[in-house]
Amino acid sequence: MTQISFDVDKKIRLDEFLKSNHISKNLFLSIYKDDIFINGKHAKRNSKLKPGDKVTINLRDEENNYKPINLYIEVLYEDDDIFVLNKPDKLTMNTEGVESLANFVSYLFEQRNINQKVRFINRLDQDTSGVVMVAKNKIAQAYYQKTSFEKKYLAIVKGNPKNQKIQLNLKRDGIKTEIDENGKNSVTILQNLKNYGDYSLVSLKLLTGRTHQIRVSMEYINCPIVADSLYGEKIEGFSQMLHANEIEFVDMKRNKHIITTEIPQRFNKFLNN
């Protein structure tokens, strides 16, 4: 069994305190009778807290349905609540029947005796590499899915785009995302880092999180991502040149982190080709 503890610093009701820590009402109602404690004693639904109290949540063991496989993936960061991994390209998140990132997470859980389901906080396409956050339990997942964090990507694109803000309304249509005036707003900040003849290395900051947002945005300005077979042109021997290289977040103890990665080898291989 896993335990998570919170220190109380003001007078507040238990449900309001847990809500401030991004624990939903439904989750609270499902666990408070048996699995929430205040200073070691079972909590009541209307419990009142005061400074110095400690709230503890017991997380019961869960069955993990993914086979543990050590894929030798870089662990960029780890604390009591999350892993931050550097996902390789050509690796699916959790597709059944093939080795996936979920298999490696299952391996990490096994090594650390974490008896919880695999829960991804963010996801990347199979051919996109880079930063993926993994929750070690459902409380951490709830916290991070309701907490804003900044993400930056590196990409190699066709052409030499100027620095700009790309704003589009996007709507999912089957496997593709389309520009649609009735779709959801997306905002991408593009910075051209360096030109390489007919190509450019660019940095892309997401202010929203729409499916395929970067890939559609770059197609829209006629600078598609290199080797993007869905929105650009397939190139034999290369997966799409898109890499999630940086993430900034505040952890569950209110500490700020900026996690970065190196430029992928396939980028250097393409640019030096």
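Predicted model, so just to flag it, every value in this text is computed and none were measured.

Caption draft 1: Structural detail: the side chain of T177. Relative to the assigned elements, T177 resides in strand β13 (residues 176-179). Polar contacts involving the side chain of T177 include one to the main-chain carbonyl oxygen of T211, which spans 3.0 Å. When neighbours within four sequence positions are excluded, T177 is seen to be in contact with L170, K171, R172, T211, H212, V216 and Y231.

Caption draft 2: Highlighting the UniProt feature "domain: Pseudouridine synthase RsuA/RluA-like" (unreviewed entry) in the protein chain. The feature "domain: Pseudouridine synthase RsuA/RluA-like" (unreviewed entry), as annotated in UniProt, sits at residues 82-219 in this numbering. Within the segment residues 82-219, helix and strand shares are 19% and 43% respectively, and the terminal C-alpha atoms sit 34 Å apart.

Caption draft 3: Up close: helix α4 (residues 138-145). Counted residue by residue, α4 has six buried out of eight residues, so it is predominantly covered. Residues I139, A140, Q141, A142, Y143 and Y144 constitute the buried set of α4.

Caption draft 4: Inspection of the packing of aromatic side chains at higher detail. The tally for this structure, following the rule as stated, stands at eight aromatic pairs. Taking the centre distance of 4.8 Å and the plane angle of 90° together, the rings of Y143 and Y144 count as edge-to-face. The pair Y143 / Y144 is uniform in exposure class, with both members buried. Residues Y199 and F270 carry aromatic rings whose centres are separated by 5.1 Å and whose planes lie at 85° to one another, so their mutual orientation is edge-to-face. Here Y199 is found in strand β15 (residues 199-206), whereas its partner F270 is found in helix α6 (residues 265-271), with 71 residues between them in sequence. Taken together, the ring pairs connect Y77, Y143, Y144 and F249 into an aromatic cluster. Directly above the ring of F83 sits K136, whose terminal nitrogen or CZ lies 4.6 Å from the centroid.

Each value, and the rule that gives it
- Residues numbered from 1 in each chain as written.
- Predicted model: local features only at pLDDT ≥ 70, side-chain atom pairs only at ≥ 80, totals over all residues.
- Heavy atoms only, no water.
- Helix = DSSP H or I, 4+ residues; strand = E, 2+ residues; numbered from the N terminus.
- Polar contact = N/O pair within 3.5 Å; in protein donor to acceptor, adjacent residues only side chain to side chain.
- Contact = heavy atoms within 4.5 Å.
- UniProt positions renumbered as here; feature names shortened; annotations may be inferred.
- Buried < 20%, exposed > 50% of the residue type's maximum accessible area, 1.4 Å probe, protein only.
- Phe/Tyr/Trp six-rings, centres within 6.5 Å; stacked < 30°, edge-to-face > 60°.
- Lys NZ or Arg CZ within 6 Å of the ring centre and 35° of its normal.

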